[in-house]
Amino acid sequence: AVSVAKEGGIAGLVVIDVVEGTALESLNHMQGFLRSRPQQFRSVSHAIEWCVRSGQARNIESAKVSMPGQIKDAEGRLVSSNLDDLAAQPKDQIIESATRLTPEPPPDSIKEEDEESSNNGSGEKARETSSADSNDAPAGNGPYTWAIDLSTTEPYWSGWFADLTANFLSAPSAKLLMLAGVDRLDKDMMVGQMQGKFQMLVLPQVGHAIQEDSPDKVAEAIANFVVRNRFAPSKDSNIHVPKIPLRP
């Protein structure tokens, strides 16, 4: 989309938490991250729980929508294409919206000695529970596995992000960059932001999947962006339209 916007003919461009420099650096760790993920899930709700606990998404309601589209059942069917699988989940496996799930630490994290000793009793119990869960029979049409083997797409990874910064900054359209943290900005983007070449919005307390973790704020930001640049009129009196000239 960014490379197309560079050629013109696009009214507005919104990029969500992707910056060329940091994205290319993260590719060095991508295979390790993919290997650290569970290879299968005993149920759809198990996959949703992992999604939230691992920090892939921090919003349970969003995870309930996105995870079924990422996994397939034992017959190779995408779970999101068969809503009966979701309805058939046992009640004791359903994750309630109010449930607070604590993200699990990464596999290579180091625990402090006092923390490890204080959590020894609960840790043993958790391991026993985990072991018991792993022996449970798969629910529904499980076990469920990843629909796409992302590791096989590695030859294309660098192409997804190469020249992203240059194309973004040179696009003649109005631009909005939404980030989960300012530390994601590389040098060229930092300079471009100071020169006012694009609008930047940093959302607090979200992960990389901004649109999943805070969908309401993302929708509000895009609505303001659309109205601010006069792509569409506002029906909301709370959205302020600055008095700026129309873009040629």
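All of the points below concern the structure found in this document. This is a predicted model, so every value here is computed, not measured. (Residues numbered from 1 in each chain as written. Predicted model: local features only at pLDDT ≥ 70, side-chain atom pairs only at ≥ 80, totals over all residues. Heavy atoms only, no water.)

**A closer look at the pattern of salt bridges**
Point 1. A complete count under the given rule lists four salt bridges for this structure.
Point 2. The partner of K64 in a salt bridge is E61, and the shortest N-O contact between them spans 3.6 Å. Taken as a pair, K64 and E61 lie in helix α5 (residues 60–66) at a separation of three residues, close to a single helical turn.
Point 3. Residue classification places K64 among the partly exposed residues on the basis of a relative accessible area of 28%.
Point 4. Taken together, the shared-partner salt bridges in this structure form one network comprising D73, E75 and R77. (Salt bridge = Lys/Arg side-chain N within 4 Å of Asp/Glu carboxyl O. Helix = DSSP H or I, 4+ residues; strand = E, 2+ residues; numbered from the N terminus. Buried < 20%, exposed > 50% of the residue type's maximum accessible area, 1.4 Å probe, protein only.)

**Comments concerning the packing of aromatic side chains**
Point 1. On inspection of all chains with the given rule, the structure shows six aromatic pairs.
Point 2. Ring centres of W160 and F161 lie 6.5 Å apart, and the angle between their planes is 80°; this geometry places the pair in the edge-to-face category.
Point 3. An angle of 65° between the planes, with centres 5.3 Å apart, marks the rings of F168 and F198 as edge-to-face. Of this pair, F168 sits in helix α10 (residues 164–170) while F198 sits in the loop between α11 (187–194) and β6 (199–202), and the two are 30 residues apart along the sequence. For the pair shown, F168 and F198 are each scored as buried.
Point 4. In this structure an aromatic cluster arises from ring pairing among F41, W50 and W146.
Point 5. The ring of W146 carries the charged tip of R37 above its face, separated from the ring centre by 3.7 Å. (Phe/Tyr/Trp six-rings, centres within 6.5 Å; stacked < 30°, edge-to-face > 60°. Lys NZ or Arg CZ within 6 Å of the ring centre and 35° of its normal.)

**Quick word on unusual backbone geometry**
Point 1. One non-glycine residue, D17, adopts positive backbone phi at about 50°.
Point 2. Here D17 lies in the loop between β1 (12–16) and α2 (20–26).
Point 3. Although it is not a glycine, D163 adopts a positive phi angle of roughly 65°.
Point 4. Mapping D163 onto the fold places it in the loop between α9 (154–161) and α10.

**What about the nonpolar core?**
Point 1. Counting 15 residues, the largest nonpolar core has F41, C51, M67, I71, Y144 and W146 as the members making the most contacts within it.
Point 2. Secondary structure elements with two or more residues in this core: α4 (44–53), α5 and β4 (144–146).
Point 3. With six residues, the single largest contributor to this core is α4.
Point 4. Not counting residues within four places of it along the chain, the set of residues in contact with F41 comprises H46, A47, W50, I71, P143, Y144 and W146.
Point 5. Among the nonpolar cores identified, the runner-up in size contains 14 residues, and V2, A171, M189 and F198 belong to it. (Core = buried A, V, L, I, M, F, W, Y, C linked by side-chain atoms within 4.5 Å. Contact = heavy atoms within 4.5 Å.)

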